[in-house]
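Topology and contacts: notes
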Protein chains: 4
Amino acid sequence: MGMPMELNTMIVTKGNEERVGENEFALKKSGYRLYPLDIPIDIRTTKEGESRGRAIIKKIEWSKETTFLTYEFISLNSTN
Amino acid sequence: MGMPMELNTMIVTKGNEERVGENEFALKKSGYRLYPLDIPIDIRTTKEGESRGRAIIKKIEWSKETTFLTYEFISLNSTN
Amino acid sequence: MGMPMELNTMIVTKGNEERVGENEFALKKSGYRLYPLDIPIDIRTTKEGESRGRAIIKKIEWSKETTFLTYEFISLNSTN
Amino acid sequence: MGMPMELNTMIVTKGNEERVGENEFALKKSGYRLYPLDIPIDIRTTKEGESRGRAIIKKIEWSKETTFLTYEFISLNSTN
């Protein structure tokens, strides 16, 4: 009894994002993953790679052991 | 910095659920609320009220400081 | 990148609890497990077993991929 | 019913940390705050301030609506 999940502090796209608006992207990840919404977080292509900037997650959907994210890319500057 | 959320161990409907399938219901709750998916949990009309049975959450969606649940009502028996 | 954890809605002791006060017990579980504190939750010896009553978690400590709980056993009645 | 908590992706010390070892610090924060353990995260003095480097949380303790962190300061370089 208990639901496995993963706490995440950054978005790692692995190049799987799909553009769904001007600066808005959708990304599907396996398992239930918890990210903060509405807060700028780091975004990378690979976890060991360099930061590509900052993004704000607008929506998280959990279903069938899958996480669907919608995020807005906001900045190339990873330090703000 | 930090995302407020609430950890929940049961579904409290306050009578706001909408039937969306034979045993399937949709429910909207304010704020970001974390519930376990895919596991039978208690369901009540009010938090102080009696258990109405067990339900399994099939989908959680978080967006705009709101939590949208889709759950299946599975049992009138709260002890399993 | 990401921290695996498990969301739990009840305490399953597997008989490993240690009494540390009149109604207070300590329990060690593997991995990082998230439980609600300060709220009555169900307590069982095995996850398929019957409820033994209700307990309130007073402290959670996470370290070295282990979760240490301190809880107070409050009631034999699992419905409140 | 439900436990309020806050999801955090960085450590904000507000200068309240206490040194407890060579590179190890203790920090007390109000409320139940969830951070990733065992993973390098950003550390700042104020949330709007600049990154002071990276730290790894070694222990989190939740009790009496308070979060106690023990972390190791690992790097002045915020990009790794």
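Residues numbered from 1 in each chain as written. Chains lettered and ligands numbered in written order. Predicted model: local features only at pLDDT ≥ 70, side-chain atom pairs only at ≥ 80, totals over all residues. Heavy atoms only, no water.

**Notes on the confidence of the model for chain A**
Our working rule: Per-residue confidence from the prediction method is given by pLDDT, with values spanning 0 to 100.
Scored by pLDDT, chain A comes out at a mean of 93, with 94% of its residues at no less than 70. Model confidence for the complex: the whole-complex pTM is 0.92, and ipTM, which rates the interface, is 0.91.

**Observations regarding the interface of chain A and chain B**
Interfaces are often sized by the amount of accessible area the parts lose when they come together. Selection rule: Note on definitions: a residue-residue contact is assigned when non-hydrogen atoms from the two residues lie within 4.5 Å. Throughout, buried area stands for the accessible area (probe radius 1.4 Å) lost by two parts on being put together, summed over both. Just to be clear on terms, a salt bridge is a Lys or Arg side-chain nitrogen sitting within 4 Å of an Asp or Glu carboxyl oxygen. Two N or O atoms form a polar contact when they lie within 3.5 Å of each other; inside protein one atom must be a possible hydrogen donor and the other a possible acceptor, and for residues adjacent in sequence the pair counts only when both atoms belong to side chains. For the purposes of this entry, the term helix denotes a DSSP run of H or I that reaches at least four residues, the term strand denotes a run of E that reaches at least two, and both are numbered from the N terminus.
Contact with chain A, which involves 19 residues of that partner, is made by 19 residues of chain B. When the two sides are added together, the surface that chain A and chain B hide from each other amounts to roughly 1500 Å², 66% of it contributed by carbon and sulfur. Viewed at the interface, chain B and chain A are joined by 0 salt bridges. Along the contact surface separating chain A from chain B lie 6 residue pairs in polar contact (both at pLDDT 80 or more). Of all the elements in the fold, those that place two or more residues in the side of chain A that touches chain B are strand S1 (3-7) and strand S7 (51-63) of chain A. Counting residues per element, the side of chain A that touches chain B draws most heavily on S7(A), which supplies 6 residues.

**Details of the sheet that holds strand S1 (residues 3-7) of chain B**
The test is simple: Strand pairing is defined by DSSP finding a minimum of two bridges between the two strands.
Read across the open sheet, the 4 strands follow the order S5(B)-S1(B)-S1(D)-S5(D); overall the sheet is mixed. Of all the strands in the sheet, just strand S5 (33-34) of chain B together with strand S5 (33-34) of chain D have a single pairing partner and so form its edges. One ladder, built from 2 bridges, connects S1(B) with S5(B); its direction is parallel. The partner of Glu6(B) across the bridge, within S5(B), is Arg33(B).

**Some points on the packing of aromatic side chains**
Formally: Any pair of Phe, Tyr and Trp rings, taking the six-membered ring for Trp, is counted once the centres come within 6.5 Å. Such a pair is stacked with planes under 30 degrees apart, edge-to-face with planes over 60 apart, and tilted for the rest. Note on classification: 1.4 Å probe, protein chains only; a residue is buried when its accessible area is under 20% of the maximum for its type, exposed when over 50%, partly exposed between these limits.
Under the definition given, this model contains 10 aromatic pairs over all chains. Between Trp62(A) and Trp62(B), the aromatic rings sit 5.4 Å apart at their centres with planes inclined by 40°, giving tilted as the arrangement. One end of the pair, Trp62(A), is in strand S7; the other, Trp62(B), is in strand S7 (residues 51-63), on a second chain. For the pair formed by Trp62(A) and Trp62(B), the shared burial category is buried. Ring pairing ties together the aromatic residues Tyr32(A), Trp62(A), Tyr32(B) and Trp62(B), which thus form one cluster.

**Quick look at the interface of chain C and chain A**
To keep it simple, the criterion reads: Under the grouping applied here, Gly and all other residues not named as nonpolar or charged are polar, the nonpolar ones being Ala, Val, Leu, Ile, Met, Phe, Trp, Tyr, Cys and Pro and the charged ones Asp, Glu, Lys and Arg.
Every contact between the two is made by 10 residues of chain C and, on the other side, 10 residues of chain A. Overall, the association of chain C and chain A removes approximately 1100 Å² of surface from exposure, summing both partners, and the carbon and sulfur fraction of that is 61%. If you look at where chain C meets chain A, you find 0 salt bridges. Looking at the side of chain C that touches chain A, its residues break down into 6 nonpolar, 2 polar and 2 charged. Two strands pair when backbone bridges link them, and S1(A) and strand S1 (residues 3-7) of chain C are joined in this way by 5 bridges, in the antiparallel orientation. In the strand pairing of S1(C), Leu7(A) is matched with Met3(C).

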